[in-house]
Amino acid sequence: MTDFFEFEADFVDSLRCIPMQVRCKLDICGIKLKLSDWNQMTTAERQALVELPCTTETEIQFYHDHIQQLILQRTGRPATKLPIEPHPAWLDSATVPANLQEKAQEIGVTLTQQHWAALTPLQRFALIKLSHPGHENKNFPIAIAEFHLL
């Protein structure tokens, strides 16, 4: 999985920000990665985190251990662990999360279950992340347009 979204175009060449596909893998393996920690990694290390698979139990464990090792090497402290959601909302194509629906309605968009089901899990993940309260939401309407939900 090395696809980037159009709304990430301003930083994917340098990988100065954490792309959604890596953020998704972090949630899957239960690691909170600060942008400051990400920026202490080399470009090659960041690219490896983009390219490494994180779907099977073995891959997830390897990804987790690899990031833990990188963070420890770069910062001298282990990465913060996150609880792993056993049934993440982005994998449930049948139910549009209520807070996401509310955020979409703020910009005049109604997300139907059919719209939601037609999205890829990574697109659903991105919309959920971009709709969180307190998150800089400037990319939310851009993602809505990119995913043809207008």
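Residues numbered from 1 in each chain as written. Predicted model: local features only at pLDDT ≥ 70, side-chain atom pairs only at ≥ 80, totals over all residues. Heavy atoms only, no water.

**Q** Is there a simple way to explain the packing of aromatic side chains in this structure?
**A** Pairs of aromatic rings are described using the distance from one ring centre to the other and the angle between the two planes. Within this structure, the stated rule accounts for four aromatic pairs. Linked through ring pairs, Phe5, Phe7 and Phe147 together constitute an aromatic cluster. When the ring centre of Trp116 is taken as origin, the NZ or CZ atom of Arg124, which lies over that ring, is 5.8 Å away. (Phe/Tyr/Trp six-rings, centres within 6.5 Å; stacked < 30°, edge-to-face > 60°. Lys NZ or Arg CZ within 6 Å of the ring centre and 35° of its normal.)

**Q** Is there a simple way to think about helix α8 (residues 139-146) in this case?
**A** Since there are 3.6 residues in each turn of an α-helix, residues three or four apart along the chain are aligned in direction. Taken together, the buried positions of α8 are occupied by Asn139, Phe140, Ala143, Ile144 and Glu146. Along the axis of α8, the buried positions cluster into a sector of 165°, meaning they face one direction only. Among the structural elements, α5 (98-106) and α7 (121-130) are those in contact with the buried residues of α8. Phi for His148, located one or two positions after α8, is positive at around 60°. (Buried < 20%, exposed > 50% of the residue type's maximum accessible area, 1.4 Å probe, protein only. Helix = DSSP H or I, 4+ residues; strand = E, 2+ residues; numbered from the N terminus. Arc of directions from axis to C-beta. Contact = heavy atoms within 4.5 Å.)

**Q** Sorry if this is basic, but what is going on with unusual backbone geometry here?
**A** Residues other than glycine predominantly adopt negative phi, and peptide bonds predominantly adopt the trans conformation. With phi around 55°, Leu15 is a residue other than glycine that occupies positive phi space. Along the chain, the position of Leu15 falls in the segment before α1 (20-29). A relative accessible area of 1% means that Leu15 is categorised as buried. Even without glycine at this site, His148 takes up a positive phi of about 60°. Considering the arrangement of structural elements, one finds His148 in the segment after α8. Since its relative accessible area comes to 70%, His148 is described here as exposed.

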